[in-house]
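Listed below are the residues making up each chain.
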Amino acid sequence: MQGNFMYHNPTKLYFGEEAMGHLVGELKNYGATVMLSYGGGSIKRNGIYDAVMAALKEAGKTVVEDAGVMPNPTYEKVMEGCARVRDNKVDLILAVGGGSTIDYAKAVSASAYCEEDAWQKYWVGQGWPSCRTVPVGAVLTMVGTGSEMNGGSVITNRQVTEREGSERTVTGFKLGKVFGPELYPKFTILNPRFTMTVPQYQMVAGFFDIMSHLMEQYFAGKADCTTDYLIEGLMRSLVHSSRIAAKNPQDYEARANIMWTATWALNTLLKMGKGGDWEVHQIGHAIGLVTDATHGMTLACVSLPYYRHVMHDGLHQFRRFAVNVWGVRPEGKSDEQVATEGLACLEQWMREIGLVMHSGELGVTEDNLQQVADAVLILPVGYRTLTRDEVVQILKESM
Ligand code: NZQ
Ligand code: ZN
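Within any chain, residue numbers begin from 1 and follow the written order of that chain's sequence. For naming, the first written chain is A and the first written ligand is 1, with later ones following in the order written. Where local features are concerned, this predicted model is filtered to residues with pLDDT of at least 70; where side-chain atom pairs are given and counted, the filter is 80 or more; whole-chain, interface and lining totals use all residues. Excluding hydrogens and water, the side-chain figures rest on all heavy atoms present in the structure.

### Description of helix α10 (residues 279-291)
Phase 1: Helix and strand definitions here come from DSSP, where helices need a minimum of 4 consecutive H or I residues and strands a minimum of 2 consecutive E residues; each element is numbered from the N-terminal end. The span expected for a helix works out to 1.5 Å for each residue beyond the first. Along its 13 residues, α10 runs 18 Å from first to last C-alpha, staying within 8% of the 18 Å computed at 1.5 Å per residue.
Phase 2: Each residue's exposure class comes from its accessible area (1.4 Å probe, protein chains only) as a fraction of the maximum for that residue type: buried when under 20%, exposed when over 50%, partly exposed otherwise. For α10, the complete set of buried residues consists of Glu279, Val280, His281, Gln282, Ile283, Gly284, His285, Ala286, Ile287, Gly288, Leu289 and Thr291.
Phase 3: Looking one or two places after α10, you find Asp292, whose phi comes out positive at around 60°.

Here it is, written out as structure tokens:
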């Protein structure tokens, strides 16, 4: 383990088929007015909305409806939510949905009473809230992002344009802000049954999002670190359960394991004592900005080109990944051969569960490729700091 750190995660989790029974008790800890934030209506079709409304009623709350949070939530929508919070003096934001809805709720929480330009302050400037924030609670309906137990809030703003010199114009950004524990959901209801109506495409995209979070944290650093052993265990569980769930999405055991893995993959535990990479996410976010594609799929289509590109810079860890996660036999092989076989196993698993393997299928074209490349944030961490030309090369290979 490296460095000095404090570990504190204040989110209270209720897990299992009976988790919803705890919602009324939790709601009683907050004031009278609850803003119910949700997405495009899936919760109305699968009955989760009715169950949440019943709990709100039993707890005696005044409900302010806040529907229509879109996948890849926009800053415009965040501003709409902020006005609703202020106008109704909301005491709790209850986010019912996937990562988009929960990320949105955190953004509204930090921005509703922010007297500065919240976009500039949090997402561009990476600053911290100095205003009053509104508590957030969550009922998770789609697995993948880890937003249920972290401070992450990824927001898309297509209304800003930045010019750098004369060649580079970026129209819009999709940026992540990781808020501190005060903005983590105060509680989250995790009922694997609630995820059973997620369409197969979204479901497997979420599975890859989990894998990507694990890989982003695994492929960094050189020291022996307990965290890497935890990550390997989570990866093996994910690969095992995802194979079952991709064939039979109604398998409760597999879906429950995956839900728990997703939460631990990005609830800050795994970043302790080592660095992270996160470049795949930067490229994925740029693709998402330009195409509005599903987050997990944007990561899937660039991961293999990216990891094959940086493999030689972190060969020891790619070798370890092959042996400890995929069971590649190293005897009589060079490190490079073993590492290459590990990535081939990753590819085979990705194809098996039905991920999008080419960014062209998501809408990346020769025409917009430079726009995507311009929107990629290049991070100076991980095994290799990319140049813009390398970003373009990876994007071309991903098509
Ligand atoms: O909008 P509704 O109708 O609810 O439909 C959603 C949406 O269309 C649907 N869905 C969710 N639960 C369902 C369901 N459909 C049927 N039955 C259910 N039970 O699934 C679609 C996708 O939902 P969304 O919330 O967008 O997916 P996800 O959880 O993958 O969230 C993606 C967002 O999270 C960000 C991504 O960038 C993206 O904006 N991320 C957040 C992170 C964090 N907070 O730490 C980290 C991640 O790396 C990621 O960047
Ligand atoms: Zn992700």
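Still to come is the rest of the account.
### Digging into the coordination of the zinc ion (ligand 2)
Phase 1: As a rule, N, O and S atoms within 2.8 Å of a metal are its donors, except that Na, K and Ca use 3.2 Å; water is not among the atoms, so sites may look incomplete. Coordination of the zinc ion (ligand 2) by the protein involves Asp209 (OD), His213 (NE2), His281 (NE2) and His295 (NE2), with metal-donor separations of 2.0 to 2.2 Å.
Phase 2: Every donor residue of the zinc ion (ligand 2) comes from the same chain, spaced as D-x3-H-x67-H-x13-H. Highlighted residues: Asp209 in helix α7 (residues 200-218) and His281 in helix α10, separated in sequence by 72 residues. Each member of the pair, Asp209 together with His281, is buried.

### Brief notes about the packing of aromatic side chains
Phase 1: Pairing of aromatic rings covers Phe, Tyr and Trp, the last counted by its six-membered ring, and requires centre-to-centre distances within 6.5 Å; plane angles under 30 degrees mean stacked, over 60 mean edge-to-face, and any other angle means tilted. Taken as a whole and judged by the stated rule, the model has 20 aromatic pairs.
Phase 2: On the numbers, 5.3 Å between centres and 70° between planes, the contact of Tyr306 with Tyr307 is edge-to-face.
Phase 3: Look at Tyr306 and you get buried, because its relative accessible area is 0%.
Phase 4: Aromatic rings pair up to connect Phe208, Tyr218, Phe219, Tyr306, Tyr307, Phe318, Phe321, Trp326 and Trp349 into one cluster.
Phase 5: The ring of Tyr49 is capped by Lys44, whose NZ or CZ atom sits 4.7 Å from the centre of that ring.
Phase 6: Here, a charge over a ring is recorded when the distance from Lys NZ or Arg CZ to the ring centre is within 6 Å and its angle to the ring normal is within 35 degrees. The residue whose ring lies beneath Arg132 is Tyr113, and the NZ or CZ to ring-centre distance is 4.3 Å.

Without other data, these values stay purely geometric and don't point to any function.
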